[in-house]
Amino acid sequence: MEASEASHQIIADLLEARTGQHLTESRRWRVNSALAGIFRQHGISNVDQLVCLLADPGSDALAQDVVEALLNNETYFFRDKPTFDQLPGEVLPELAHRRRDVRRLSIWSAGCSTGQEVYSLAMLFAEQAERWQDWTIDIIGTDVSHRAISIARGGIYSQFEVQRGLGVAQMLRHFDETPGGWRLRDEVRQMVRFAQGNLLTAAHPGRLPFDLVLCRNVLLYFDRQVRHEAFDRLARAVMPDGFLMLGAGETVVGQTDRFVPAQRRASFFEPAAAPTLATIRKIA
């Protein structure tokens, strides 16, 4: 094996060890471009030199920077709108009916990246404030990336970022333009919270189990075995009569027996062990 191939494998092993993500051959082409900033910062020109630096016992911070650079934090507000529109149109009303006695909803966005998905959820509730009056809405977002969570907590986005998925009316209603970018107003930011966490290893955040878990385009980067483990953790995090929302191109079919497709709801899945009506009423 050539040195550069060995070095790329070391980088791939580092990413998998810290995040569970599998760096396939088809994704390795972007390693050099993703690490370009680290190359410049350390005055090096290739992965081989970077691996030499990572061999130093005191290189943990550098290793984390490498992992952060390789993560795909692609996201935007109301991503995959036809799928997202099922939340206010069908899924949230159904959950509201099921939780009408306790008037509480708990939602987890696993792999929330820089926060747009979590804030999109908060906007849905803010725009139906009368409908959710006197309800307790708990929304938490987690991501393995410290940098992504820091951005999410800040709630400030560029002009380009706020224009991705948001109409002008939503921008003006929920954001204030500042010298540093478009800042979400407090009434939206106060509805959510964020925490850094690894879907595979970290303790589940917030109140367990959740009524709704969003885990979109995260499992794509896991190999089959790790994906199976992730589904097991997600199954333990979802209420027996709750929902799991995956990305538009994802499915549980052939991947796990812990979930089944929700009828007439694309990208939504339910725990496989369907509860009886008596169980649902007891939980609710």
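Just above sits the structure.
The following refers to the structure shown. (Residues numbered from 1 in each chain as written. Predicted model: local features only at pLDDT ≥ 70, side-chain atom pairs only at ≥ 80, totals over all residues. Heavy atoms only, no water.)

**Comments concerning the pairing of strand E10 (residues 268–271)**
Rules: Only when DSSP finds a minimum of two bridges between them are two strands counted as paired. The helix count covers DSSP runs of H or I at least four residues long, the strand count covers runs of E at least two residues long, and both are numbered beginning at the N terminus.
Across two bridges, strand E8 (residues 238–245) lies against E10 in antiparallel orientation. Residue pairing across strands places Leu244 opposite Phe269, the latter belonging to E10. The antiparallel hairpin formed by strand E9 (residues 259–261) and E10 contains six residues in its connecting segment, where Arg264 sits at a positive phi of about 60°.

**Observations concerning helix H4 (residues 47–54)**
Stated formally: For every residue, the accessible area (1.4 Å probe, protein chains only) is compared with the maximum for its type, and the residue is labelled buried under 20%, exposed over 50%, or partly exposed between those bounds. Each direction from the helix axis to a C-beta atom contributes to the arc, which is the arc of those directions.
Here H4 has its buried residues at Val47, Leu50, Val51 and Leu54. When H4 is viewed along its axis, its buried side chains cluster within an angular range of 100° and face the same direction.

**Points about the packing of aromatic side chains**
To keep it simple, the criterion reads: Two rings from Phe, Tyr or Trp (for Trp, the six-membered ring) form a pair when their centres sit within 6.5 Å of each other. Planes less than 30 degrees apart are called stacked, planes more than 60 degrees apart edge-to-face, and all others tilted.
The tally for this structure, following the rule as stated, stands at ten aromatic pairs. Here Phe77 and Phe175 contribute two aromatic rings whose centre-to-centre distance is 5.7 Å and whose plane-to-plane angle is 85°, an arrangement assigned as edge-to-face. One end of the pair, Phe77, is in the loop between helix H5 (60–70) and helix H6 (81–84); the other, Phe175, is in strand E4 (residues 175–178), and 98 residues separate them in sequence. Phe175 gets classed as buried once you look at its relative accessible area, which sits at 2%. Ring centres of Phe125 and Trp132 lie 5.0 Å apart, and the angle between their planes is 65°; this geometry places the pair in the edge-to-face category. Judged by relative accessible area, Trp132 falls into the buried class, the value being 7%. Through a chain of ring-to-ring contacts, the aromatic side chains of Phe77, Tyr119, Tyr157, Phe175 and Phe194 assemble into a single cluster.

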